[in-house]
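Breakdown of the fold
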Amino acid sequence: MKRIASLAVLVLVLQGPASLGQLVFEKKLVEVKAQADAELVTAEFPFTVGETGAVIEEYEASCSCLEAKISDGGKLTWKPGESGVIKGLFKLGTFKGVVDKPIVLRIKDQPQAETLTVRVDVPIIFEVDPPTLYWELGGEAATRKFKLKVHDQVPTKVTEVSGTNDHFKFELKTIKEGWEYEVEVTPADVEGRAFGLIRIRTDSRFKKHQSAQGFVVIRRPKP
């Protein structure tokens, strides 16, 4: 039996027709509002077992941002009438805004899948808008800008701006110290495709919000 505990898309699949051998969940969408400094949040999906019981055959993951745990020490075989909890532990990492991560259960002999959704609202303390600046290949090498905004209750200063590609020149401008900035970016030319990052450091009181980035891309024109 293949068992992998961490996941972004967690697959656990259920058994039996709707009235038999099924894990019946109280809710299939759990919404969690994360604290600004949170590194990990937990979502719980309580369930009861149908009249023929259920055997969880496998659960597997496609990324490391979500870890699945089953109550009773990871119990896989459940008797009729028992109850338990599927728990999702979501590592927030650099996620911001509202993030949905599906959990899908797989049980012996049941082809149908149940989707459980972990919805996490991660506060945007320091916003980079837009997340990506684009230039069209062969077009105009115009100056474009990132708008940087602070959404905290206390001011946050930009302490450093750097770039990963010298083809893109940049300049930081202060609009309102501690609250609003702009980074103007100008490519040397747009004769070839190019990609880079503009990295931004801040003195945010929250460690995870002390760094941000924006992408800069010279691309082929869209059809």
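Check the entry above for the structure.
If you're wondering where the values come from, they're calculated on a predicted model, not measured in any experiment.

Parameters at a glance
- Residues numbered from 1 in each chain as written.
- Predicted model: local features only at pLDDT ≥ 70, side-chain atom pairs only at ≥ 80, totals over all residues.
- Heavy atoms only, no water.
- Helix = DSSP H or I, 4+ residues; strand = E, 2+ residues; numbered from the N terminus.
- Buried < 20%, exposed > 50% of the residue type's maximum accessible area, 1.4 Å probe, protein only.
- Contact = heavy atoms within 4.5 Å.
- Areas by Shrake-Rupley, 256 points an atom, 1.4 Å probe, with all protein chains shown as cover.
- Pairing = 2+ DSSP bridges.
- Polar contact = N/O pair within 3.5 Å; in protein donor to acceptor, adjacent residues only side chain to side chain.
- Axes fitted to C-alpha atoms, helices over the stretch in contact; angles between N-to-C directions.
- Phe/Tyr/Trp six-rings, centres within 6.5 Å; stacked < 30°, edge-to-face > 60°.
- Lys NZ or Arg CZ within 6 Å of the ring centre and 35° of its normal.
- Salt bridge = Lys/Arg side-chain N within 4 Å of Asp/Glu carboxyl O.

A short note on the overall build of the protein
Helices and strands together make up the secondary structure of the protein, namely 1 helix and 18 strands. A burial count over the protein gives 43% of its 223 residues as buried. A separation of at least 24 residues holds for 68% of the contacts in the protein among residues at least 6 apart in sequence. Here the protein displays about 12000 Å² of accessible surface, and carbon together with sulfur accounts for 48% of that area.

A few points about the pairing of strand β15 (residues 168–176)
Both faces of the sheet carry side chains from a regular strand, because those side chains alternate between them. Bridging between β15 and strand β16 (residues 180–187) involves 8 bridges; their strand directions are antiparallel. Counted as the bridge partner of Glu171 is Glu184 from β16. Counting the residues between successive antiparallel strands, the hairpin from β15 to β16 contains 3 residues, one of them, Gly178, with a positive phi of roughly 85°.

Quick word on the environment of Lys176
As for its placement among the helices and strands, Lys176 is situated in strand β15. Here Lys176 falls in the exposed class, since its relative accessible area comes to 51%. Spatially, the C-alpha atom of Lys176 lies 9.4 Å from that of Lys149, the residues being 27 residues apart in sequence.

Quick word on the side chain of Asp152
Its location among the elements puts Asp152 in the loop between β13 (144–150) and β14 (158–163). In this structure the side chain of Asp152 is engaged in a polar contact, spanning 2.8 Å, whose partner is the side chain of Arg205. Each residue touching Asp152, except ones within four places of it in the same chain, is listed here: Ile125, Trp179, Arg205 and Phe206.

Here's the deal with the sheet that holds β14
Here 4 strands make up an open sheet; going across it, the order is β12-β18-β17-β14 and the pairing mixed. If you trace the sheet from one side to the other, it starts and ends with β12 (132–136) and β14, each paired once. The sheet shows a mean angle of 15° between the axes of neighbouring strands, direction not considered. Bridging between β12 and strand β18 (residues 211–219) involves 5 bridges; their strand directions are parallel. Considered in β18, the bridge of Leu133 is made with Val216.

Thoughts on the sheet that holds strand β11 (residues 126–129)
Across the sheet, 4 strands lie side by side as β11-β13-β16-β15; this open sheet has antiparallel pairing. Whereas interior strands pair on both sides, the edge strands pair on one side only; in this sheet they are β11 and β15. The sheet shows a mean angle of 20° between the axes of neighbouring strands, direction not considered. In the sheet, β13 pairs with β16 via 6 bridges, with the strands oriented antiparallel. The partner of Lys149 across the bridge, within β16, is Glu180.

Description of the packing of aromatic side chains
Two numbers describe a pair of aromatic rings. These are the distance of the centres and the angle of the planes. Scanning the model with the defined rule gives 5 aromatic pairs in all. With a centroid separation of 5.7 Å and an interplanar angle of 40°, the aromatic rings of Trp135 and Phe168 are classed as tilted. Remark: Phe168 occurs in strand β15 and Trp135 occurs in strand β12; sequence separation between them is 33 residues. Each member of the pair, Trp135 as well as Phe168, carries the same accessibility label: buried. Taken together, the ring pairs connect Phe25, Phe47 and Trp78 into an aromatic cluster. Positioned above the aromatic ring of Trp78 is the side chain of Lys75, whose terminal nitrogen or guanidinium carbon lies 4.5 Å from the ring centre.

Brief notes about the pattern of salt bridges
Applying the stated criterion across every chain yields a total of 9 salt bridges. Here Arg119 ties to Asp100 by a salt bridge, and the two come within 2.8 Å at their closest N and O atoms. With Arg119 in strand β10 (residues 114–122) and Asp100 in strand β9 (residues 97–107), this pair connects stretches of sequence that are 19 residues apart. With relative accessibility at 36%, the residue Asp100 sits in the partly exposed group. Glu182 is paired through a salt bridge with Lys145; the nearest N and O atoms lie 3.3 Å apart. Pair noted here: Glu182 is in strand β16 and Lys145 is in strand β13, with a separation of 37 residues, a long-range link.

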